[in-house]
Amino acid sequence: MNDTTDTAPASAGQQPETEDDSSAPDGRSGFFSRLLDALTPDAPAEDGPKPGGPLRGMVNLHRMRVEDVAIPTAEIVAAPLTIGKEELVTLFRNSGMSRIPIYDGTLDTPLGFVHLKDLALSHGFNGNGLDFDLTAMLRPLLFVPPSMPIGVLLTKMQTERRHMALVIDEYGGVDGLVTIEDLIEQVVGEIADEHDSDENQTWIREKPGCYLVLARTPLDDFESEIGMSLTENEDVDEEEIDTLGGLVSMLAGRVPTRGEVIQHPDGPEFEVIDADPRRVKRMRVRFPAAG
């Protein structure tokens, strides 16, 4: 596959990302281009970085490829074009994302992405406002090959004012997702905000007896958290499963769909928050006895 990029077809009502970047008065493409100019040396240093010289992480812009930093397909938070307004609001709330890719049928047919700001401006934070039209809110995505150097993508994203790109494999399928923040972190280090959590922490306790969890959460770790075993029941074969997602699929006898609630024989309820045809991604676990 050639190292070329394209954007998803623009749909009616698409809005440019005017809030993200602006062109520099000196004619350069913007902030990140000026950053690259300031930090990239004119010639390779023979003895390594000098005090006061370019950031050590700048070498990553040339050395690392998109495939090195992309979020794997299984962890992409996305939604179908048929999603309703209330479901979309819930998905934004549960994921903590501000941009969510939208697809037609499967993620391999992406249409664009919806920005939380557009949803809020059109419908208000309480869900009121204009008739819900997801197509009119779609913004275009970038499609990029996994082999593209991240420095090339960073410049392209800044120039075209795009904060999100889908990684497309040689067969045209979606192979991952990368954001402009993922790229910048390879240069300056991790950028943490108030929504970030420890990568090893795969659940959030929303209230007593209620957890929002990733399906890849190890069963042993979650059982230690809740103080009970989820595999002692005779209906559960603990030798076949290692994660909460595996447990829920075993209980259902298949891969459950988004919105489905699976009942554990010992009481807990597993509500599927996000899933694709192959696997569960996120769940809400409730313990009725806890209220």
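These notes cover the structure that comes with them. (Residues numbered from 1 in each chain as written. Predicted model: local features only at pLDDT ≥ 70, side-chain atom pairs only at ≥ 80, totals over all residues. Heavy atoms only, no water.)

### What about the side chain of Lys 281?
Mapped onto the elements of the fold, Lys 281 is located in strand β13 (residues 280–286). A polar atom in the side chain of Lys 281 sits 2.8 Å from the backbone oxygen of Ile 76. (Helix = DSSP H or I, 4+ residues; strand = E, 2+ residues; numbered from the N terminus. Polar contact = N/O pair within 3.5 Å; in protein donor to acceptor, adjacent residues only side chain to side chain.)

### Comments concerning the packing of aromatic side chains
Scanning all chains against the criterion turns up three aromatic pairs. Seen in terms of ring centroids, Trp 203 and Phe 222 are 5.7 Å apart; in terms of plane orientation they differ by 75°. Their pairing is edge-to-face. Taken together, the residues span a long stretch of sequence, with Trp 203 in strand β9 (residues 203–207) and Phe 222 in helix α9 (residues 219–226) at a distance of 19 residues. Given a relative accessible area of 13%, Trp 203 falls into the buried group. The buried category is assigned to Phe 222, whose relative accessible area is 0%. Aromatic ring contacts, followed pair by pair, group Trp 203, Tyr 211, Phe 222 and Phe 287 into a single cluster. (Phe/Tyr/Trp six-rings, centres within 6.5 Å; stacked < 30°, edge-to-face > 60°. Buried < 20%, exposed > 50% of the residue type's maximum accessible area, 1.4 Å probe, protein only.)

### A few points about the sheet that holds strand β4 (residues 99–104)
Read across the sheet, three strands follow the order β3-β4-β5 without closing on themselves; strand pairing throughout is mixed. The open sheet has two free edges, formed respectively by β3 (79–80) and β5 (106–115), since each of these has just one partner strand. Inspection of the sheet shows β3 paired to β4 by two bridges, in the parallel sense. When the bridges of β4 are listed, Pro 80 appears paired with Tyr 103. Strands in contact with helix α4 (residues 85–95) are β3, β4 and β5; relative to β4, the strand with the most contacts, it is inclined by about 135°. (Pairing = 2+ DSSP bridges. Contact = heavy atoms within 4.5 Å. Axes fitted to C-alpha atoms, helices over the stretch in contact; angles between N-to-C directions.)

### Quick notes on the environment of Met 228
The topology assignment puts Met 228 in the loop between α9 and α10 (244–252). Contacts of Met 228, omitting those with residues within four sequence positions, involve Glu 223, Asp 266, Pro 268 and Phe 287.

### Considerations on the environment of Val 187
On the secondary structure map, Val 187 appears in helix α8 (residues 180–188). The exposure class assigned to Val 187 is buried, which follows from its relative accessible area of 11%.

### Some words on α9
For α9, the full list of buried residues reads Leu 219, Phe 222, Glu 223 and Ile 226. For α9, the angular spread of the buried residues around the axis is 105°, confining them to a single face. Opposite the buried face of α9, by more than 90 degrees, sit the exposed residues Asp 220 and Ser 224. In the core, the buried residues of α9 are packed alongside β9, β10 (210–214), α10 and β13. (Arc of directions from axis to C-beta.)

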